[in-house]
Amino acid sequence: FLVQEAPEAAPAGQIPRSIEVICEGDLADKAKPGDRVQVTGVYKPFPKSGGDFTDGIWPARLIATSVSLIKDMTEAPFVSDDVKNIKSIAAREDAFQLLARSFAPSICGHEKV
């Protein structure tokens, strides 16, 4: 299905952006048209099929790992302690290096992968 950003969140004068979401199994029936959802997943490019060559532009899709209806969410995704910790990391001089070491510790020496 297609997910479109909320019209009130779109920049002024622009139409809301959308992306195709691939849902499998029990995720396929989690939402119906018009529902506001929070989708978590993997953003992945898919090569166009057919042809002997490519122009290097591949349409990206979101492979859903979780779909939650906004009206069913009872707790905020971030609590005040989370926000405080995120802001303290953002204020550090070595924030990029810290995150690079945390996300990919096995890619030693290749921080900008």
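Note that residues are indexed from 1 along each chain, following the sequence as it is written. Whole-chain, interface and lining totals are the exception, using all residues; otherwise, since this is a predicted model, local features are given only for residues with pLDDT of at least 70 and side-chain atom pairs are given and counted only at 80 or more. Remark: hydrogens and water are excluded; side-chain values derive from all non-hydrogen atoms of the structure.

> Looking at this structure, I do not really get the overall build of the protein. What am I missing?
Here a helix means four or more residues in a row that DSSP labels H or I, a strand means two or more in a row labelled E, and each is numbered from the N terminus. Secondary structure summary: the protein contains 2 helices and 4 strands in total. Start at the N end of the protein and walk to the C end: the helices and strands fall as β-β-β-β-α-α. Exposure is judged per residue with a 1.4 Å probe applied to protein chains only, and the accessible area is read against the type maximum: over 50% gives exposed, under 20% gives buried, and values in between give partly exposed. Residues counted as buried form 11% of the 113 residues belonging to the protein. Residue contacts follow a heavy-atom distance rule, with two residues in contact if any of their heavy atoms lie within 4.5 Å. Counted over contacts in the protein with a minimum sequence separation of 6, partners at least 24 positions apart contribute 45%.

> Explain the pattern of salt bridges here, please?
Pairing between side chains of opposite charge can happen when their charged atoms approach one another. Salt bridges, as used here, are contacts in which a Lys or Arg side-chain nitrogen is within 4 Å of a carboxyl oxygen on Asp or Glu. According to the stated counting rule, one finds 6 salt bridges in the structure shown. One salt bridge in this structure joins R36 and E8, with 2.8 Å as the shortest N-O distance. Of this pair, R36 sits in the loop between β2 (18-22) and β3 (37-45) while E8 sits in the loop between β1 (2-4) and β2; the two residues are 28 residues apart in sequence, bridging distant segments of the chain. Exposure remark for E8: the relative accessible area of 57% places this residue in the exposed category. Note that E20 is salt-bridged to R61, the shortest N-O span being 2.9 Å. Of this pair, E20 sits in strand β2 while R61 sits in strand β4 (residues 60-69), and the two are 41 residues apart along the sequence.

> What's the story with the nonpolar core in this structure? I'm lost.
Proteins that are soluble and globular tend to have nonpolar side chains buried together. Definition used in this section: a nonpolar core is a set of buried Ala, Val, Leu, Ile, Met, Phe, Trp, Tyr and Cys residues joined via side-chain atoms within 4.5 Å. In this structure, V21, C23, L27, L62, A64 and V67 together form the largest nonpolar core, which totals 6 residues. Considering every element that reaches this core, the biggest residue donor is β4, with 3 residues. If sequence neighbours within four positions are ignored, V21 has contacts with F1, V3, V39, L62 and A64.

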